[in-house]
Amino acid sequence: MTRCALFLLPALLCLTGCQKETQVEKANRDGIFLMGNSSEPKALDHQLVTGVIESKIIGALFEGLVGDDPEKDDGLPPGAAASWEHNADMTEWTFRLQPEGRWSDGYRVTAYDFVFAYHRMLHPDLAAPYAEMVYPLKNGEDYNKNLRGRILLHANVVPGVTWEDAKDIAFAGDAKVALEKGAKWPDSTTDAQRLDFVKGTGLDALGKEALEWIAADLTRYPWPAGFDPVKAKSLVDVMAAKAGDDLFELANVGVSAPDELTLKLVLREPVPYLPSLVRHYTWFPVPQHVVLQHGKISDRFTEWSRYPNLTGNGAFKLKIWRVHDMIEVERNPHYWDKANVGINGVRFLPIENPYTETRAFLAGQLHTTYQVPSDLIKEVKKKAPQEFRQEPYVGALFVRVNTTRPVLSDPRVRQAMALAIDRQQLCDYILEGYFPATSLTPKMGSYEPDKILTFDPEKAKQLLAEAGFPDGAKFPRFTMLISRPSARASAEAIQAMWRRHLNIMVDIQNKDWGSYVSAQQNLDFDLAAAGWVGDYLDPTTFLHMWTEGNGNNNTGWHSKDYEALLSKAALEPDPAKRLEVLKQSETLMMSAYPILPFAWYSRNYMLRPEVKGWHPLLLDNHPLNTLRLER
Amino acid sequence: MFRTLFSRFLQGLIVLFVLFTITFFLIKALPYGPFQSDKAIPGHIREKIEAYYGLNEPVYVQYGRTLGNLLKGDAGASMRLEGLPVTDIITQAFPNSIQLGVVAMAVAVLLGIPLGVFAAWKKNTVFDYGAMMIAMIGICIPSFVIGPLLAEKFGRDLEWFPVTGWSRSSPLSWILPAITLGLASAAYLSRLTRAGMLETLSQDFVRTARAKGVGELAILTKHCLRGGLIPAVAYIGPAFAAIISGSVVIESIFAVPGLGLHFIKAIETGDTPVILALVLLYGALIIVANFVTDVLGVWLNPRLRSSR
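Residues numbered from 1 in each chain as written. Chains lettered and ligands numbered in written order. Predicted model: local features only at pLDDT ≥ 70, side-chain atom pairs only at ≥ 80, totals over all residues. Heavy atoms only, no water.

Student: Describe in detail unusual backbone geometry, supporting the description with residues and values.
Tutor: Of note, the amide linkage connecting Y307(A) to P308(A) takes the cis form, showing an omega dihedral of 0°. Along the polypeptide, P308(A) turns up in the loop between α13 (288–293) and β6 (316–322). In this structure, A127(A) takes a positive phi of about 55° despite not being glycine. Residue position: A127(A) is located in the loop between α4 (111–122) and α5 (140–144). According to the relative accessible area criterion, A127(A) is buried, its value standing at 1%. Backbone geometry at N124(B) places phi at a positive 55°, although glycine is not the residue there. (Helix = DSSP H or I, 4+ residues; strand = E, 2+ residues; numbered from the N terminus. Buried < 20%, exposed > 50% of the residue type's maximum accessible area, 1.4 Å probe, protein only.)

Student: Give a description of the sheet that holds β6(A) that names residues and reports values.
Tutor: Hydrogen bonds along the backbone pair up the strands of a sheet, which may run parallel or antiparallel. Residue and element names in this part refer to chain A. Here four strands make up an open sheet; going across it, the order is β1-β8-β7-β6 and the pairing mixed. One side of each edge strand has no neighbouring strand; the edge strands of this open sheet are β1 (32–36) and β6. In this sheet, neighbouring strand axes are inclined to one another by 20° on average, regardless of whether the strands run parallel or antiparallel. The pairing of β6 with strand β7 (residues 326–331) spans six bridges and is antiparallel. Paired with F316 across the bridge in β7 is R331. (Pairing = 2+ DSSP bridges. Axes fitted to C-alpha atoms, helices over the stretch in contact; angles between N-to-C directions.)

Student: Tell me about the environment of D271(B), and please be specific about residues and values.
Tutor: Residues and elements named next belong to chain B. Summarising the element assignment, D271 is placed in the loop between α12 (259–269) and α13 (272–300). The sequence separation of D271 and L81 amounts to 190 residues, and the corresponding C-alpha distance is 8.9 Å. Those residues in contact with D271 that lie beyond four places of it in its chain are S78, M79, R80, L81 and A266. (Contact = heavy atoms within 4.5 Å.)

Student: For the environment of V394(A), give the residues involved together with the corresponding values.
Tutor: Residue and element names in this part refer to chain A. The topology assignment puts V394 in strand β9 (residues 388–401). Expressed as a C-alpha distance, the spacing of V394 and F598, which sit 204 residues apart in the sequence, is 14 Å. V394 has contacts with P442, M444, W532, V533, G534, L537, F542, L618 and L619, leaving out every residue within four places of it along the chain.

Student: So what about the nonpolar core? Which residues, and what values?
Tutor: All names here are of chain A. Core analysis: the largest hydrophobic core is formed by 141 residues, its most contacted members being L203 and W223. The contacts of W223, once residues within four sequence positions are left out, are I169, L203, I214, L218, A232, L235 and V236. In this structure, I494, A569, F598 and W600 belong to the second largest nonpolar core, which totals 81 residues. (Core = buried A, V, L, I, M, F, W, Y, C linked by side-chain atoms within 4.5 Å.)

Student: So, helix α1 (residues 2–28) of chain B: which residues are in play, and what are the values?
Tutor: For an α-helix, the turn length of 3.6 residues means that residues three or four places apart are oriented alike. Residue and element names in this part refer to chain B. Compared with an ideal rise of 1.5 Å per residue, which puts 27 residues at 39 Å, α1 spans 39 Å between its outermost C-alpha atoms and is within 8% of the ideal. Along α1, the residues classified as buried are G12, L16, F20, T21, T23, F24 and I27. Against the buried residues of α1 lie α3 (59–71) and α13. (Expected span 1.5 Å × (residues − 1).)

Structure representation (structure tokens):
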């Protein structure tokens, strides 16, 4: 046996000896960019995903109306649209598409594809998780939420009834009742069961059979007192006739295509940052001809978004997709700007383990990595100072506070906890390269929020004493949730700072990610270490979530004044004034301390020197078509 | 023989059914589901998605439907990697896992058994202690330590093997993950082999052989190896199944696109179809491995034959 091994070893050495060229060197020759992309994308149908990992690949395969500038955050180079203009109050925008715009199968990219895309994105049955990104389109929200009564009444298709007449009707119902299966009730359903169902469900969600059943005897539905039976009959008849129909046309959603190359968007409020917003993939087009070939407009996850059917309008097209292994894209021969595409393809490698990814980079297997784990930064800085990159990124880390908990409901307590966090120390020793946060929204463009957060242990002690806990006496022992091992170090540091400066003890509990998220959504937590990354370069990407009922708020805090300021900003056509109002709203929210921000993100990653045309960008959306690889 | 086969087959089916049922209800008891993302999904959208996957129905209805579909051979599609058929996941990732498992098992057998025989032969000498110390270290050091060490040394420093990545056509990329994965089993195997060999070596027929002047090497290989391997063989079957299903750490360290990562990720996100399919697959694998082990055991050990 040992003899056998003696023969094997030299044989192996021989084999390995042949591998002289690293993968990066070979890729440089082939013009392929090797990109670490952390994990497998959930899917590549950009209307059904919400993640950052997906955005990198989608950005190579598809192109939005406005392109990404490789150097400037606020640069707005033409993308699928060659030019655009807007009316005075920025509620109507006209985009003129590239005359040479082509899908990767050679078909023309038309304005109808965009209309189809926004129709699909908002289609109630598609249930796109990120549909609210396109809610700025007028009536988009009504259509997406399938507010059928409202849509029909606004469209004036119900004879003799106006929205004013009917606005007291509980269209959406109030109770959760099992959804009607298909359009039919089982034969066994009793009238009492039907009455319950109808009452609880509301007119909007009822199927044809239920509506006809009500039409047969109008007393079966709880109409508001004094509602005219004639109007009720008219309404129910129209709703029954339209039951199951797609109400897109009637909803009058603010998107239209006057001709093949002109796209008109009508917005519900002024959106001065629309060109920046449409760079997000939720606003990208889908190829109508391909989507419909593989299913209906409302079908989730059909074959259209898989290899080899996936058809995009971006600089690249899908070449290989092996789950958990790699996704490779190659030049799209039909791309309108193909002459200026600097590389032949990109290989996205879903390497989950950041240590493995860094090792792969150092061994010459990658051009760039997704992240360098913070405990490797010192080492990497030493080993590869040229390649290590540390750049600001629009994201914030904060402690989320459940303001419905006793004691934590006292703003003085929350402020004391905020004042006792030494952010500079955190960023110096633990969150290397991160920036001490002075508010929630990091500086972006001309928006810079007031500096609310400071480190002031004396004042913190005083506030805590005022709240009834002098020197932390009898302060309840709260628990801070974390979900990622990487969050533990900063959580422990904050724990220590609170103990030192306020003399209060906080426990740290690590939960698996799903439980961590649901605990926060159900307000079943005290404190949670959390983070948020912006989707576009406007403060609203950080500010909208703190409104009442928003699924990402999860603090129990909300304020009418805050929401009034946000609405005021939304209606303000002057960009400078608008930002001023947003700043006020942020100051209002931050002064209530529902969250305790402690750091602004930086992205720590590696990039090889032969990659040219890659510049620091706040949103980290590096256009891949303008990259070049030097040999 | 056929009767045994048939009854084992039936037993296997029952085990799989119980496994399915327990797993299904455990998943349903999870406090989270697959449709949780960094950014909360609005209520009206979530309801639609849940209705789409039938998650709004009573659990027993879901149970019946899932079982029915599985019996028809339809494992459904992943909810984490939405829309990706479970069969695609298995056909893409399982061959990699099998390949890795086979190579790792080969490493384990080729290293472990000779080492064990050698140690038994040189019983209570420096060689024996040395070999067993190596084995003990192999068992004690976890793979997430050995893996990165090997990758750093043989991948990055010496550049003999790629530090990460997996290519079905390039055996070089198999070596480091397979060694990492196989090492612990090799260590354990060597100890089992040593013990088995020692027991066999102490038996009367060995003394007889020695008295007849048979050479030491012939005694080891011809007379004792078959008997001495019995404990090792009993271990190999289940170990093989464990290696295939438990390679997630190695998959993570070496970025191997195997089933382990799918399994862990599916559990983390409550991805019912994938968890169920993989639990059943692993279950079936273990059942088959155990069965093969039993057959091999009978072949190796005549004493078992007479007892049947």
